[in-house]
Amino acid sequence: MKPATSAPFLRACRREATEYTPVWLMRQAGRYMAEYRALRQRSGFLELCKNPEAAAEVTLLPVERLGVDAAIIFADILLPVEPMGVGLEFAAGEGPIIRRPVRGAADVKRLPDVDPREAAPFVFEAIRKVRKALSERVPLIGFAGAPFTVASYLIEGGASREYLETKRLMHNDPGAWHALLERLVKVTVGYVNGQIAAGAQAVQLFDSWVGALSPADYREFVLPHTRATIKGLTAGVPVIHFSTGTAGLLELVREAGGDVIGLDWRVDLADAWKRVGYDVAVQGNLDPALLLAKPAQIKRHVQAILDRAAGRPGHIFNLGHGVLPETPVEHVIALVDMVHELSSLGGGLRPPSDSSPPGLRGKSPRSNDAR
Ligand code: CP3
């Protein structure tokens, strides 16, 4: 068995050459899968997250069904703030709800100091179970929300379009804002390092909603906190820094840190890579809605993204955001195969290798020992 560090996904994180472009998908375990929907009929989302056995099972589903090059632990970015007593709930069809939002300095002061390692021990337990089950098949990614995105849920009380309460607090009471983000940095660093200690081999920070900010506000109110988070993480484990709607912020996102910059589909991959610099790897960036189109169309767009990456070491294929619940699972399976096949045929920059990509079903040693 090959050592985990030579897995194509981890090699790409380090910008080393790979036999084919590794691929995994944000939200690769979720409602688009019948197996997941079946599990969800029996238990609530939070209940699933808090059951390490079930969370491990869901984490492994896409590895077995799709042949992706990495697993991502089944959890949520809001789990570590639940012990702060903000009243976290997941309402059907609505996403997360925070019953007692944080709206001012007094609310921030009232938040109890939670020990991140005790906040979500079930996530660490699930990670240990997944690593055991995966053996060295594919690496396991841990994750957390970046401070801005988590703060936006705490302040808004749920999803938002305009982030008005978030911006109101940020501008009216910068002291309370920075105090809140400093609290979140501390919790997030402990939470992610706990995941690494439990066995996560790479970690992703999701700053899903930070694209709502101007460059000046990102620099003043977010960048120092995201940078402190990334600086606080255990050295030697690749950090993927993902955000969406940040075409106007990419250089600043990169400045905040990360070994891999996650790109959404609103940017051209080649232009974005040039902007963030070739001394970081990039991840992305197919429009998730394309997976609703016919496979021929998907293939055309996969090829276009691989062309933009031009075989340069350090590209991890992914969507520009999570898999949508409406996505046909066959299209997702086809996508993973397409990435493997198209990238192993065309890659002039790739060294010859003795192993075929897992996408060539039946021919790869990995798909045989996957059962
Ligand atoms: O990628 C994976 O497969 C791992 C699991 C994962 C989930 N949430 C499971 C989940 C990951 C990586 C997340 C991260 C997450 N959670 C983010 C960042 C990624 C992104 O999408 O921008 C955010 C913003 C959240 C907060 C959150 N949790 C939202 C907005 C929602 C509702 C949206 C939805 O899809 O329902 C959730 C719930 C959630 N998290 C579900 C899953 C599978 C759906 C719960 C259900 O079964 O009803």
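My aim in this report is to walk through the structure given alongside it, one point at a time. (Residues numbered from 1 in each chain as written. Predicted model: local features only at pLDDT ≥ 70, side-chain atom pairs only at ≥ 80, totals over all residues. Heavy atoms only, no water.)

1. Here we look at the site of the ligand
The condition is simple: Whether a residue is near a molecule or strand is decided by its heavy atoms; if any one of them lies within 4 Å of it, the residue is near. Pairs of N or O atoms within 3.5 Å make up the polar contacts considered here, provided that, within protein, one atom can donate a hydrogen while the other can accept it, and that residues adjacent in sequence are counted only when both atoms are side-chain atoms. All accessible-area figures derive from a Shrake-Rupley calculation using a 1.4 Å probe, and residue coverage is judged against the displayed protein chains alone. The secondary structure listing takes helices from DSSP runs of H or I that are at least 4 residues long and strands from runs of E that are at least 2 residues long, numbered from the N terminus.
As a matter of local geometry, the ligand sits amid 23 residues, with Arg27, Tyr36, Arg40, Ser208 and His321 nearest to it. At 2.6 Å, a backbone N or O of Arg27 approaches an oxygen atom of the ligand. Take Arg40: an N or O atom from its side chain is 2.6 Å from an oxygen atom of the ligand. Starting from 850 Å² of accessible surface for the ligand in isolation, the protein chains cover 89%. Mapped onto the shell around the ligand, the elements with two or more residues apiece are α2 (34–42) and β3 (95–98).

2. Looking at the pairing of strand β9 (residues 315–319)
We apply this condition: Exposure categories follow from relative accessible area, calculated using a 1.4 Å probe and restricted to protein chains: below 20% of the type maximum is buried, above 50% is exposed, and the middle band is partly exposed. Here, strands pair whenever DSSP counts at least two bridges between them. Handedness rule for crossovers: strands pointing away from the viewer, path from the first strand over the helix to the second running clockwise, crossover right-handed.
For β9, the tally of buried residues reaches 5 of 5 residues, placing the bulk of the element in the interior. Of the two faces of β9, the one lined by His315, Phe317 and Leu319 and the one lined by Ile316 and Asn318 are each fully buried. Here 5 bridges tie strand β8 (residues 281–286) to β9, and the two strands are oriented parallel to one another. The residue bridging Leu286 from the neighbouring strand is Leu319, located in β9. Once you follow β8 into helix α14 (residues 295–309) and on to β9, the crossover reads as right-handed.

3. A look at the packing of α2 against helix α4 (residues 52–66)
To keep things clear, this is the line we draw: Fitted lines through C-alpha atoms serve as axes, helices being fitted only where they are in contact, and the angles separating the N-to-C directions of these axes extend from 0 to 180 degrees. By the definition adopted for this analysis, an angle is roughly parallel if under 35 degrees, roughly antiparallel if over 145, roughly perpendicular if from 65 to 115, and oblique otherwise. For any pair of crossing helices, the crossing counts as left-handed if the nearer helix is rotated counterclockwise from the farther one by less than a right angle, and right-handed if it is rotated clockwise. Here a residue-residue contact requires only that any non-hydrogen atoms of the pair lie within 4.5 Å.
The geometry of α2 relative to α4 is characterised by a closest axis approach of 10 Å and an angle of 165° between their N-to-C directions. It follows from the interaxial angle that α2 and α4 lie roughly antiparallel. For the pair α2 and α4, the sense of crossing is right-handed. Contacts between α2 and α4 involve Glu35, Tyr36 and Leu39 on the former and, on the latter, Glu57, Val58, Leu61 and Arg65.

4. A few points about the nonpolar core
Heads up, the condition is: Side-chain atoms within 4.5 Å link the members of a nonpolar core, which is a set of buried Ala, Val, Leu, Ile, Met, Phe, Trp, Tyr and Cys residues.
With 128 residues, the main nonpolar core has Phe9, Trp24, Leu180 and Leu335 as its most contacted residues. Ranked by the residues each element gives to this core, the list is headed by helix α10 (residues 174–198), at 10 residues. Those residues within four positions of Leu180 in sequence are excluded, and the remaining contacts are Val102, Val108, Leu111, Ala151, Leu154 and Ile155.

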